[in-house]
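Observations on the model geometry
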Amino acid sequence: MKIISSFLLFLLLPWSVEAAAERAYHWRGLRVRQSAVQDVKQALGEPTQEYREQLLYEKLSFDPQHPDVKDVRLDTVVFNISAGGVVESIFLSPEWGTTDEQLRPLLGAGQKMSY
């Protein structure tokens, strides 16, 4: 029975993690595995650089619509695009000098992890 339970966990865990990731990863109304290139351009305008598999935006400032956080300045925002033209991942890089205290109200407490 233990082998069957472990096998079922092995099969279901990737699906469960993938489903949770799809719900969790979004920014400014743009969602991983749902938003298309046109959705990104409609939300943010034309990118600084555009490649077949990436859209790169530089020097953005946005209001996180959070009462405890002022405008957050981003050095770069990268959207990785799938072959089908859908957002695969979103990477946000805050401007140099942005402090942890400035981002914590927006991101939450977080937790220390090693890798």
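As the structure is a computational prediction, the values presented were derived from the model and not from experiment. (Residues numbered from 1 in each chain as written. Predicted model: local features only at pLDDT ≥ 70, side-chain atom pairs only at ≥ 80, totals over all residues. Heavy atoms only, no water.)

Things to note about the pattern of salt bridges
Applicable threshold: Each reported salt bridge corresponds to a side-chain nitrogen of Lys or Arg within 4 Å of a carboxyl oxygen of Asp or Glu. Only protein chains enter the accessibility calculation, which uses a 1.4 Å probe; a residue whose area is less than 20% of its type maximum is buried, one above 50% is exposed, and one in between is partly exposed. What counts as a helix is a DSSP run of H or I of at least four residues, what counts as a strand is a run of E of at least two, and both are numbered from the N terminus.
Evaluated as defined, the whole model comprises three salt bridges. In this structure, Arg52 and Glu53 form a salt bridge, with 3.9 Å as the shortest nitrogen-oxygen distance. Assessed through its relative accessible area of 77%, Arg52 is described here as exposed. Asp75 serves as the salt-bridge partner of Lys59, at 2.5 Å between the closest nitrogen and oxygen. On the criterion of sequence distance, the pair formed by Lys59 in strand 4 (residues 54-62) and Asp75 in strand 5 (residues 72-81) is long-range, its members being 16 residues apart. Residue classification places Lys59 among the exposed positions, given a relative accessible area of 52%.

Regarding the nonpolar core
What counts is decided by this rule: For the purposes of this section, nonpolar cores are sets of buried Ala, Val, Leu, Ile, Met, Phe, Trp, Tyr and Cys residues that join through side-chain atoms within 4.5 Å.
Membership of the largest hydrophobic core comes to 17 residues, with the highest contact counts inside it found for Trp27, Val40, Tyr57, Val77 and Phe79. Elements represented by at least two residues in this core include exactly helix 2 (37-44), strand 4, strand 5 and strand 6 (87-94). No other element matches strand 5, which puts five residues into this core.

A closer look at the pairing of strand 5
Selection criterion: Strand pairing requires that DSSP identify at least two bridges connecting the strands.
Summarising burial for strand 5: eight of the ten residues are buried, a large majority. Strand direction decides the pairing type here: strand 5 and strand 6, joined by seven bridges, are antiparallel. By the bridge assignment, Asn80 is partnered in strand 6 with Ser89. Counted along the chain from strand 5 to the antiparallel partner strand 6, the turn is five residues long, and its residue Gly85 has a positive phi close to 85°.

Topic: helix 2
To keep things clear, this is the line we draw: Taken from the helix axis, the directions to the C-beta atoms give the arc we talk about.
For helix 2, the full list of buried residues reads Val37, Val40, Lys41 and Leu44. Relative to the axis of helix 2, the buried residues are bounded by an arc of 95° and lie together on one face. Residues of helix 2 that are exposed and point more than 90 degrees away from the buried face comprise Gln38 and Gln42. Among the residues trailing helix 2, Gly45 stands out with phi positive, at a value near 85°.

What about the confidence of the model for the protein?
The following threshold applies: For every residue, the predictor assigns a confidence score, pLDDT, that lies between 0 and 100. The criterion used for residue contact is that any of the two residues' heavy atoms lie within 4.5 Å.
Of all residues in the protein, 67% attain a pLDDT of 70 or more, and the chain-wide mean is 76. No element of the protein has a lower mean pLDDT than helix 1 (residues 2-24), which averages 47, and none a higher one than strand 3 (residues 49-50), which averages 96. Within the model, pLDDT remains below 50 along residues 4-13, and this stretch shows one contact once partners closer than five positions in the same chain are excluded.

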